[in-house]
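Now for the letters of each chain:
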Amino acid sequence: TSITLTASYASVAKTAALTVTVNNSNPPNLIGEDATVSVDGENEMTTPSFSTTQSGDLLVAFVGYDGPANSPQTATVSGTGLPWTLLARSNSQPGTSEIWVAQAPDVLSGVTVISSPGIGGYHGSLTVIAFTNASGTGMVNAASAASGAPDVVIPGASAGSWVFAVGHDWDNAIARVPVSGQVLVHQRIDTQTGDTYWVQSAAGPSIFNGPVDIHDTSPTNDRWTYAAVEIVATH
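It should be emphasised that the depicted structure is a prediction, and the values quoted were computed from it without experimental measurement.

Criteria and thresholds
Residues numbered from 1 in each chain as written. Predicted model: local features only at pLDDT ≥ 70, side-chain atom pairs only at ≥ 80, totals over all residues. Heavy atoms only, no water. Buried < 20%, exposed > 50% of the residue type's maximum accessible area, 1.4 Å probe, protein only. Helix = DSSP H or I, 4+ residues; strand = E, 2+ residues; numbered from the N terminus. Pairing = 2+ DSSP bridges. Phe/Tyr/Trp six-rings, centres within 6.5 Å; stacked < 30°, edge-to-face > 60°. Polar contact = N/O pair within 3.5 Å; in protein donor to acceptor, adjacent residues only side chain to side chain. Contact = heavy atoms within 4.5 Å. Salt bridge = Lys/Arg side-chain N within 4 Å of Asp/Glu carboxyl O.

**Focus: the pairing of strand β6 (residues 75-79)**
And then number 1: Burial along β6 is one-sided: the residues Ala75, Val77 and Gly79 are buried and none of Thr76 and Ser78 is.
And then number 2: Summarising the sheet, β6 and strand β9 (residues 113-117) pair through five bridges and their orientation is antiparallel. Looking across to β9, one finds that Ser78 is bridged to Ile114.

**Re the packing of aromatic side chains**
And then number 1: Taken as a whole and judged by the stated rule, the model has five aromatic pairs.
And then number 2: Considering the side-chain rings of Phe131 and Phe164, the 5.2 Å spacing of their centres and the 70° angle between planes classify their relative orientation as edge-to-face. Of the two residues, Phe131 sits in strand β10 (residues 123-132) while Phe164 sits in strand β13 (residues 162-169), which places them 33 residues apart along the sequence. Accessibility classification places Phe131 together with Phe164 in one group, the buried group.
And then number 3: Clustering of aromatic rings is evident, with ring pairs tying together Phe62, Phe131, Trp162 and Phe164.

**Notes on the environment of Trp198**
And then number 1: Tracing the backbone shows Trp198 in strand β16 (residues 195-202).
And then number 2: Here Tyr226 takes part through its side chain, which lies 2.9 Å from a polar atom of the side chain of Trp198.

**Considering the environment of Val101**
And then number 1: Its place among the elements puts Val101 in strand β8 (residues 96-103).
And then number 2: Measuring from C-alpha to C-alpha, the distance between Val101 and Val128 comes to 9.4 Å, with 27 residues separating the pair along the chain.
And then number 3: Aside from chain neighbours lying at most four places away, what touches Val101 is Leu58, Leu59, Val60, Pro83, Trp84, Thr85, Leu87 and Thr137.

**Overview of the pattern of salt bridges**
And then number 1: For the structure shown, the criterion picks out four salt bridges.
And then number 2: Where Glu98 meets Arg89, a salt bridge forms, and the shortest distance between an N and an O atom there is 2.7 Å.
And then number 3: Here Glu98 falls in the buried class, since its relative accessible area comes to 0%.
And then number 4: Note that Asp171 is salt-bridged to Arg223, the shortest N-O span being 2.8 Å. Of the two residues, Asp171 sits in the loop between β13 and β14 (177-178) while Arg223 sits in the loop between β17 (210-218) and β18 (224-233), which places them 52 residues apart along the sequence.
And then number 5: Judged by its relative accessible area of 26%, Asp171 falls in the partly exposed class.

Below, the structure written as structure tokens:
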């Protein structure tokens, strides 16, 4: 439907009409999660086997790895017989947080996704989500800091889009506390190495156009990396 609003404004000499038409005849479809799998491990990590129910799912891999103090860590993602593309990498603090994406033209059955660190011998965490009603990805961003509450902003998400992020805390194995309206999708509190890996998202797709700030209230004293992506809805 279209809604037409007419308003008037006054000037010194005349009054004129201003007409604004809002078109909501093509609203976004509701993004869904067809499959979600996670694995916590060391070096190469392989997700549990998963399947999808629809063709055309958008596959997004959220990867976190520990790494050395003085050399940037990286990751690569493969699997499902599809080509994967790196969207965002945050590794200016030790370790890395990365987002990779692939499009599945057909229904998938019994597939796995694999991640590998550029520098071996480190722990990590991998979460893969197959999204339905997703036309692709929009804005991405990466952030990091030596201290402070983990925080990464998608400055202009569209209505109907859903924002997700992946983070890594190099200093401590301690749970994240998301701000109100956000949820932890997966979290690894690795007491063996003293690291934390997590995937966090808005509780649901955005209702309006505007920024989405993926943010945690604590901890506030650790080094962290964060990478975020906007999942864009179909219409």
